[in-house]
Structures are given as structure tokens and as C-alpha cells.
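# A closer look at the structure
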Amino acid sequence: MLRSSFAPSRQLLSSPVRQRIPSQWLSKAGASSRLSGQRFFADSKPPTASPTPATPSSESTIPHDSIPKPAEQENKTPESSPTPAPRKPGRFRRFLLYLILTSGIAYGGSIFLALKSDNFHDFFTEYIPYGEECVLYFEERDFYRRFPNASRHSNRIVAAPREEGKPITIPSKSGLSWKVTSEESGSDVSKSGPHMSAQAETTKSESPVAKAKEEKPAKVEEAKPAPKEEKKEEKKAVSLDEPRQPAVATINTIEFLKAQDGDESVVQELVKTFNDIVTVISADENAGKFSAPVSKAKEELQKIGEKINSIRSEAGKAAQDEINKAHATFDESAKELVRQFEEVRASDIALFREEFEAERERLAFAYQDKINVELQRAQDLAEQRLKNELVEQAIELNRKYVHDVKDLVEREREGRLSKLNELTANIAELEKLTTGWSNVIDTNLKTQQLQVAVDAVRSVVERTETPRPFVRELVAVKELAADDPVVEAAIASINPTAYQRGIPSTAMLVERFRRVAGEVRKASLLPEDAGIASHAASMVLSKVMFKKDALADGDDVESILVRTETLLEEGQIDAAAREMNALQGWAKILSKDWLADVRRVLEVKQALEVIETEARLQCLRVE
Amino acid sequence: MADSSESRPVARATKPVSEALLNEKWDRAISSMIIKSSLGLSFGVVFSVLLFKRRAWPAWVGLGFGAGRAWEEADSSFRRGDSPITQALRR
């Protein structure tokens with residue numbers, strides 16, 4: 001909507017011709033929505049529409065008008081028909097009127113709004129031409145209306161920082177001078193209407209200093225009024241508040257009567273009225289006529305004033321006297337009062353001193369009593385302590401005596417009883433010895449038992465035809481050895497199957513070896529990884545082999561076997577086992593069981609030997 | 001000596017003692033040889049009677065088959081015997 005409304009306005013700006021106003025208003029008032037379609041048409045139209053209204057005659061009139069502002073250009077309908085020339089002037093005038101009116105209203109309203117709201121103020125001063133000036137003007141007016149007095153002084157203060165751009169120039173007549181003041185006073189005079197009376201007012205309201213100054217000239221001036229006039233003028237000018245006399249007053253004015261300082265109101269009134277009269281007369285042309293009576297009257301008045309002054313001074317004197325008298329009486333009464341105070345104080349002092357003395361004595365007594373009591377107590381205490389000490393000494397003496405007696409008795413006793421002690425010590429030693437011996441005997445017994453048990457085991461192991469288990473014997477040995485680590489270790493080293501099944505005797509071993517040797521001999525010629533044929537061959541060939549003698553040394557199976565046999569016959573089972581262990585291949589496999597048997601036997605024998613030596617060692621250890 | 005009668009030697013394990021190992025093998029080899037060769041012979045005889053009009057050679061062939069088979073088995077068993085691994089396994 002906004003865009004569509006803007007477009008025609010812009011177009012209108014571009015087009016040199018102004019449309020007819022009434023139709024525009026009508027369209028605006030009528031139905032803007034209804035004309036939307038037409039507006040579209042207008043958007044496309046502009047080149048065609050421009051030539052129609054733009055007639056050269058209308059063009060000529062335009063320069064007279066002010067250029068229409070964009071704010072006023074509302075959405076204008078392009079359907080404006082070409083207007084005829086004759087109706088133009090009236091319509092144009094109306095349009096101008098409306099334009100001025102609307103712009104005035106708009107500006108007024110916006111200024112009002114700008115004064116009200118800051119945001120709008122910013123916008124308005126920023127974007128609207130002449131907006132800032134208008135607002136500034138109104139603001140200043142408002143400010144003056146509110147502070148009318150501030151205009152003179154604050155004008156400079158406020159205005160200076162605001163217009164920084166302007167170069168500050170000091171006018172030639174600025175600064176302090178008597179002229180400035182006179183100008184101001186002149187302006188003052190011109191403002192107020194009857195300036196004669198105002199002069200009287202000023203004279204009356206002058207400060208007493210100014211009056212004192214003017215009194216002298218007033219007196220002198222009676223004889224020659226004319227020259228005095230000028231003098232007075234000067235004086236007045238100095239006083240700053242005096243209005244400048246108009247040129248007319250310089251003729252031959254009669255000097256005003258001056259009000260005496262501190263005059264009563266009545267006299268002042270009189271003087272004022274008289275002055276009025278004088279001004280009237282002086283204003284008159286024939287002032288000279290009245291000058292004599294007036295001066296007379298003035299003298300009279302002066303006299304009256306003096307009289308009044310004298311009366312006042314008399315009255316003042318009387319009052320002074322009275323005041324002095326009153327002072328004297330007051331002084332006397334004050335003295336009296338002071339004396340009375342002194343008396344009262346003296347009596348009070350005496351009283352208080354007496355009381356103080358009494359109090360002090362009382363306190364002294366009380367302290368004396370207290371001290372006495374304390375002394376008594378201290379004495380008592382000391383006596384008590386002395387008594388206690390005596391008792392303690394007595395006790396101490398008693399104790400010493402008893403101790404001495406005891407010492408004596410002890411000494412006596414020690415002479416004989418020490419021998420008894422020696423005897424008991426001897427007996428204890430003997431006892432110890434006996435117990436030691438019993439220990440020795442016990443251990444001996446134990447070791448003997450152990451040896452017996454070991455012998456039993458040995459007999460079971462060695463002197464049997466068939467292998468027999470010897471678990472019981474071993475258990476007996478273990479019990480007897482109590483917890484001898486060596487014995488335990490020896491027993492643990494025996495293979496469990498050995499004592500559970502028994503071990504073969506040496507004879508059995510030899511017999512079995514014979515069998516094993518035959519088998520081994522059969523397999524002695526086998527090569528490695530031999531089949532059935534080589535087995536058969538070895539079996540057959542081994543029968544026809546020559547026997548070797550025992551001393552032959554060689555690595556072949558036959559010599560090993562022979563050596564082992566001789567060793568066995570000698571009883572060296574250990575060496576025999578070692579020899580057989582050197583076999584390889586089938587020979588080793590065949591002799592494996594026999595070797596295991598031999599090892600078991602050897603283990604048992606070794607363990608038995610260890611246990612026996614341990615037992616023997618224990619026997620020795622006893623001493 | 002009552003103890004001795006009590007503690008009779010424990011019965012031998014079913015496993016043969018090491019020195020009898022080869023003997024056992026020989027026993028098995030011979031028995032299997034006999035059985036197999038006789039079986040082959042009998043088969044050969046049957047075949048010769050049924051198929052070959054009582055010729056002699058089928059019987060010989062059967063015998064040879066049986067004997068050869070038995071030989072092979074025995075050979076393998078002997079060969080296996082001494083290797084330490086199989087020994088350990090057999091234990």
C-alpha cells in the first residue's frame with residue numbers, strides 16, 4: 001500500500017504539471033482501495049499521462065508558486081482528467097490556500113509534538129527543513145516566558161555555548177563604565193510613566209549614605225539653585241540609582257528638601273509633600289516667583305526638623321540618664337547577690353568539712369579494727385604453723401629412730417642370713433644342673449628312639465625278599481623327629497609309591513637286570529626308526545654276537561650292559577643306574593622301568609642316610 | 001612276620017613292563033600275520049572256487065594280500081614304538 005502510494009507521488013514530482021486538487025482530495029477521501037487497480041494502470045502509464053496535463057500555459061504559472069513539499073503530496077490519483085485552463089486560477093488559489101493551511105497545521109502540530117516528545121523532536125529537527133529553527137524559536141519563547149529575569153544575564157551564559165560556530169566579538173561599548181549605567185537608568189525612566197514622582201521615590205528610598213552626601217549640597221544650594229543643580233546631577237550619577245534628569249528640568253529648579261536621617265515618618269511625609277510642591281513649582285515656568293516663599297517655607301521646615309532633632313536628643317539624654325541609674329541599681333543588687341552567695345557557700349563549706357572529718361574518722365576506726373583482726377589471724381596462723389612443724393619434726397624423729405633400729409637388725413641378720421642365701425643359690429644351681437641333665441637324657445632317649453625307628457625302616461627296606469610297604473615305620477620316624485626340618489625334608493623327598501608299595505631289594509634288582517639286559521641285547525642292533533624287518537634282523541643277529549669283557553669301554557649297548565652288570569655285582573647301584581641312563585633309543589625304552597625302580601631305591605636309601613646322620617648330629621648336639 | 005603276609009605286593013599294573021614291550025609287539029605281529037594271511041587265503045580259495053574254476057593263483061593272491069597287510073601293520077607299530085613323543089603320549 002505504502003509503495004503504491006509513493007509511486008504516483010514520485011511520478012507527480014517528476015512530471016512538470018500539477019494535477020487537479022479537488023479530484024485528488026476526492027480520491028483520497030473516497031476509496032483508495034477501490035482505485036488500486038487504476039493505480040496499477042497509473043504506474044505503467046506515466047509516460048502517456050505526462051503530455052496531457054502539461055500544457056505550456058500551465059507551465060508558465062508555476063514559477064510563482066512555491067514548490068510543493070513531499071510531505072503534502074499524498075497519494076494522488078493519476079486518473080485526473082485533463083483540466084481546462086479557464087477554471088485554473090480559482091482552483092489554484094484554493095490549492096494554495098489548502099497548501100498553506102495544511103503545511104501550517106503540520107508544522108504547528110509537529111512543533112507542538114517536538115516540544116512534547118524528545119524522539120519526535122530529534123526526527124523533526126533532523127529531517128524537516130526549517131524545523132529546527134521553528135522549534136528553537138518556540139523553545140526560547142517558552143524559556144523567556146518562564147524566566148523573564150534570566151533574559152539579561154543568562155542570555156549570555158546560555159547562548160554562548162549553544163552557538164559555538166559564531167565568532168565571539170566584544171562590542172566597543174561593553175565593559176564597565178558609567179555610561180552603561182546611565183543608559184540603563186535611562187531605559188528605566190522611559191519604562192515607568194511619571195518619572196518625576198519616580199525621582200522622588202528614588203530619593204526617598206536612597207541609602208543613608210547617599211542622603212548624607214546630598215545633604216550638604218541641599219543646604220548650600222538655597223542661595224544659588226542653578227549651579228547646585230549641576231553638581232547634584234553629577235552626584236546622582238555617581239550614586240547609580242538616580243535617574244537622569246531630563247533636559248527640561250535644568251531651568252531654575254528649586255532644590256528639594258532633604259529628609260533628615262532617622263526623621264520621623266511625619267517629617268518625612270511633610271518633606272515629601274513639600275518636594276512634590278517644589279517639583280510642581282519648578283516644573284512651572286515662573287518658578288522664580290515662588291522661589292522666595294518656597295525658600296522661606298523650606299527654612300521653616302528646616303527649623304522644624306532641627307527642633308524635632310533637638311527634642312529627640314533631649315529625650316535621648318534623659319533616657320541615657322535613666323539607663324545609667326538602672327545600671328547603678330543593677331550593679332548594687334548584683335553585688336548584694338554575690339555577697340549572699342559567698343555567705344551561703346562559706347557556711348556550706350564549713351558544714352561539708354565537718355561531715356568529711358566525721359566520715360574520715362569513722363573510716364579510720366573501721367580500718368583500725370580490720371587491721372587488728374587481721375593481725376590476730378596472722379598470729380594464730382603462725383602459731384598453728386609452728387605447731388605443725390613441731391609435729392612434723394616429731395614424726396620425722398620417730399621415723400629416723402625406727403629406721404636406725406631396722407638398720408641395726410638388718411646388719412645383724414645379714415651376718416648370718418647371707419650364708420643361707422648362698423646355700424639356696426647353690427641348691428638352685430644344682431637343680432638347674434639336674435634339670436639340664438634330665439634334658440640331655442631326654443634328648444638322648446629321643447635320638448635313640450629315632451635311630452631305632454630308622455633301623456626298623458632300614459631292616460624293612462633291605463632285609464625282605466619281596467618289596468613291602470614301610471609307611472608305619474616312616475610315620476614313627478616322623479613322629480619321633482618331632483618337627484625337625486631336615487627329617488621332614490628327607491621324608492618328603494621319597495616318592496610316595498616307594499613307601500606305599502615298598503622297594504625291591506638288591507638281589508631282585510640284579511635278577512631283573514638280567515632279564516632286562518637280554519631284551520636290551522636283542523634290540524641292541526636296531527637302527528633309528530626301525531621297521532619289523534630290522535627288528536627281526538637285530539633279534540637274530542644279536543644271538544650270534546660275541547660277548548665283551550667287563551673292562552671294555554665303549555659307547556655301544558653291549559659294553560654298557562656288561563659294565564652295568566659288573567657294577568651291580570659289586571653293589572654299586574648308583575653307578576649302575578648312571579651307566580644305564582646313558583642308553584639310547586629302544587634300549588632306553590626297554591630299560592626304563594628298571595631304571596625307575598633303581599631310582600626309587602636310591603632315593604629311599606639317601607633319605608634314610610640323611611635321617612640317620614641327623615639323629616647322630618642331634619646326639620652330638622646335646623654336649 | 002604277620003606284617004609281611006598282610007602287605008602283599010600290590011597287583012601289577014595292566015601296563016606291561018618296559019622290557020616286555022618288544023615281545024608284546026612281536027606277539028601281536030605274528031598273530032595278526034597268521035590271522036590275516038589265513039583270511040586272505042580263505043577268501044582267495046572262495047574266489048577261486050566260485051569265479052575262477054578252482055585255479056590256484058587266486059588263493060595265493062589272497063594269502064599275499066593278507067600277509068602284506070599284516071606286515072605293514074607290524075612295521076608301522078614297530079616304527080612308532082621308539083619315538084619319545086608317542087612314548088610320552090602312551091603313558
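If you're wondering where the values come from, they're calculated on a predicted model, not measured in any experiment.

Conventions we followed
- Residues numbered from 1 in each chain as written.
- Chains lettered and ligands numbered in written order.
- Predicted model: local features only at pLDDT ≥ 70, side-chain atom pairs only at ≥ 80, totals over all residues.
- Heavy atoms only, no water.
- Helix = DSSP H or I, 4+ residues; strand = E, 2+ residues; numbered from the N terminus.
- Buried < 20%, exposed > 50% of the residue type's maximum accessible area, 1.4 Å probe, protein only.
- Contact = heavy atoms within 4.5 Å.
- Areas by Shrake-Rupley, 256 points an atom, 1.4 Å probe, with all protein chains shown as cover.
- UniProt positions renumbered as here; feature names shortened; annotations may be inferred.
- Expected span 1.5 Å × (residues − 1).
- Phe/Tyr/Trp six-rings, centres within 6.5 Å; stacked < 30°, edge-to-face > 60°.
- Patch = residues over 30% accessible without salt bridge, like charges linked within 9 Å, V, L, I, M, F, W, Y side chains within 5 Å.
- Salt bridge = Lys/Arg side-chain N within 4 Å of Asp/Glu carboxyl O.
- Lys, Arg positive; Asp, Glu negative; His and termini not counted.
- Charge placed at Lys NZ, Arg CZ, Asp CG, Glu CD.

### Some remarks on the overall build of chain B
- When helices and strands are counted, chain B shows four helices and zero strands.
- The linear arrangement of helices and strands in chain B, starting from the amino end, is α-α-α-α.
- When burial is assessed residue by residue, chain B has 26% of its 91 residues classed as buried.
- The contacts in chain B between residues at least 6 apart in sequence include a share of 56% that link residues at least 24 apart.
- By element, 66% of the accessible surface of chain B is carried by carbon and sulfur atoms, the whole surface being about 6600 Å².

### Comments concerning the overall build of chain A
- Assigned secondary structure in chain A consists of 24 helices and zero strands.
- Out of the 623 residues in chain A, the part that is buried amounts to 26%.
- Counting only contacts in chain A whose residues sit at least 6 apart along the sequence, the fraction spanning at least 24 positions is 65%.
- Surface exposure of chain A reaches about 44000 Å², of which carbon and sulfur atoms provide 59%.

### Examining the UniProt feature "transmembrane region" (unreviewed entry) in chain A
- Taking the UniProt record as the reference, the feature "transmembrane region" (unreviewed entry) is found at residues 95-115 of chain A.
- The annotated region residues 95-115 of chain A carries 100% helix and 0% strand content, and the separation between its end C-alpha atoms amounts to 29 Å.

### Comments concerning helix α2 (residues 21-50) of chain B
- The end-to-end C-alpha separation of α2(B) is 43 Å, in line with the 44 Å expected for 30 residues at 1.5 Å each.
- Of the positions making up α2(B), those classed as buried are Leu21(B), Leu22(B), Lys25(B), Trp26(B), Ala29(B), Ser32(B), Ser37(B), Gly40(B), Gly44(B) and Ser48(B).

### Comments concerning the packing of aromatic side chains
Residues and elements named next belong to chain A.
- Applying the stated rule across the entire model yields 10 aromatic pairs over all chains.
- On the basis of an interplanar angle of 45° and a centroid distance of 5.4 Å, the ring pair of Phe123 and Tyr127 is categorised as tilted. One end of the pair, Phe123, and the other, Tyr127, are both in helix α7 (residues 118-127), four residues apart, so they sit about a helical turn from each other.
- Counting every residue linked through ring pairs, the aromatic cluster contains Tyr107, Phe120, Phe123, Phe124 and Tyr127.

### Focus: unusual backbone geometry
- Here Tyr130(A), not a glycine, exhibits a phi torsion of approximately 65°, which is positive.
- One non-glycine residue with positive phi stands out, namely Arg54(B), at about 65°.
- For Arg54(B), the location among the structural elements is in the loop between α2 and α3 (57-81).
- Residue class for Arg54(B) comes out exposed when judged on its relative accessible area of 70%.

### A few points about a negative patch on the surface
Residue and element names in this part refer to chain A.
- Together, Asp118, Asp122, Glu126, Glu132 and Glu133 make up a negatively charged patch on the protein surface.
- Of all the elements, α7 adds the most residues to the negative patch, at three residues.
- Inspection of the secondary structure assignment puts Glu132 in helix α8 (residues 131-146).
- For Glu132, a relative accessible area of 44% translates into the label partly exposed.

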